[in-house]
Amino acid sequence: MYEVIGSPKTRTFRVLWLLEELGAPYRFIEETPRSEGIIALNPLGKVPALRVDGDILTDSVAIMTFLADRHNAFTAPAGSIARARQDALTFYIIDEMDAVLWSSAKHSFVLPEEKRVANLKPTLGWEYERAARHLCRRLEKSPFLCGDDLSLPDILATHCAEWAKASKIMPRIPVFDAYLERMAARPAYQAARTPRT
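This section reports on the structure supplied with the text. Only a predicted model underlies this, so the values are computations on that prediction, with no experimental measurement involved.

**Section: the sheet that holds strand β1 (residues 2–6)**
Piece 1. Taking strand neighbours across the sheet as the criterion, the 4 strands line up as β2-β1-β3-β4 in an open arrangement whose pairing is mixed. If you trace the sheet from one side to the other, it starts and ends with β2 (26–30) and β4 (55–58), each paired once. Going from strand to strand, the sheet's axes swing by 25° on average, the running direction of each strand aside.
Piece 2. Note: strand β3 (residues 49–52) against β4, 4 bridges, orientation antiparallel. Among the inter-strand pairings, Arg51 is bridged to a residue of β4, identified as Ile56.

**Overview of the packing of helix α4 (residues 81–110) against helix α5 (residues 121–139)**
Piece 1. Look at α4 against α5: their axes get within 10 Å of each other, and the N-to-C directions meet at 160°. The angle between α4 and α5 places the two elements in the roughly antiparallel class. Handedness of the α4/α5 crossing: left-handed. In this structure, α4 contributes Leu89, Tyr92, Ile93, Glu96, Met97, Val100, Leu101, Ser103, Ser104 and Ser108 to the contact, and α5 contributes Lys121, Leu124, Glu127, Tyr128, Arg130, Ala131, Ala132, His134, Leu135 and Arg138.

**Remarks on the nonpolar core**
Piece 1. In terms of nonpolar packing, the biggest core is built from 55 residues, with Leu67, Ile93, Met97, Tyr128 and Phe176 touching the most fellow members.
Piece 2. When residues of this core are assigned to their parent elements, the largest contribution, 8 residues, is made by helix α6 (residues 152–167).
Piece 3. Here Leu67 is in contact with Tyr2, Val15, Leu18, Leu19, Leu22 and Leu50, once residues within four sequence places are set aside.

**Some thoughts on the pairing of β3**
Piece 1. Of the strand pairs in this sheet, β1 and β3 are connected by 3 bridges, and their pairing is antiparallel. By the bridge assignment, Ile5 is partnered in β3 with Ala49.
Piece 2. Hairpin connection of β3 to β4: 2 residues between the antiparallel strands, including Asp53 at a positive phi of 50°.

Parameters at a glance
- Residues numbered from 1 in each chain as written.
- Predicted model: local features only at pLDDT ≥ 70, side-chain atom pairs only at ≥ 80, totals over all residues.
- Heavy atoms only, no water.
- Pairing = 2+ DSSP bridges.
- Helix = DSSP H or I, 4+ residues; strand = E, 2+ residues; numbered from the N terminus.
- Axes fitted to C-alpha atoms, helices over the stretch in contact; angles between N-to-C directions.
- Parallel < 35°, antiparallel > 145°, perpendicular 65-115°, else oblique.
- Left-handed = near helix turned anticlockwise from the far one by under 90°.
- Contact = heavy atoms within 4.5 Å.
- Core = buried A, V, L, I, M, F, W, Y, C linked by side-chain atoms within 4.5 Å.
- Buried < 20%, exposed > 50% of the residue type's maximum accessible area, 1.4 Å probe, protein only.

Quick look at the structure:
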């Protein structure tokens, strides 16, 4: 039994969604970022955390990679060319989408007010749209980012898109919109919206 600690409105959702896709048993424990409960598990105060076999794992992408490898699902085999390509795409999404969205959050409400840069959102929106259009070139050739099957980059890209919508920097790109509708219609995605406690 896995224990997922975090908040479903954060990067924790990625882990919950993957666990639902895997059909793996888990228990969800609600903790907000920087809460005492999270700081006890991760001194950085970031969510999610995963308790497994008496250990605590942190960072959503590290947790997802661990789970996919452990269950041999939603990932290419470690050491394969396909895995190197998948990892390159994962890192691209983290660098060009997730980081842009985190910058938007920091300059909207996370940083102290005197440290925020006003009017940064249009530039971040432009960066995000450029990254989304790059992903669309892949989606014109296959239903998922790495081919015919769902993989970790799909979960990351979809979660980033939800975050972009909430941040009001989500571009309207028909190919990407159709892809996101397919992702949101998945039963595991829907189940992760109300995690098991």
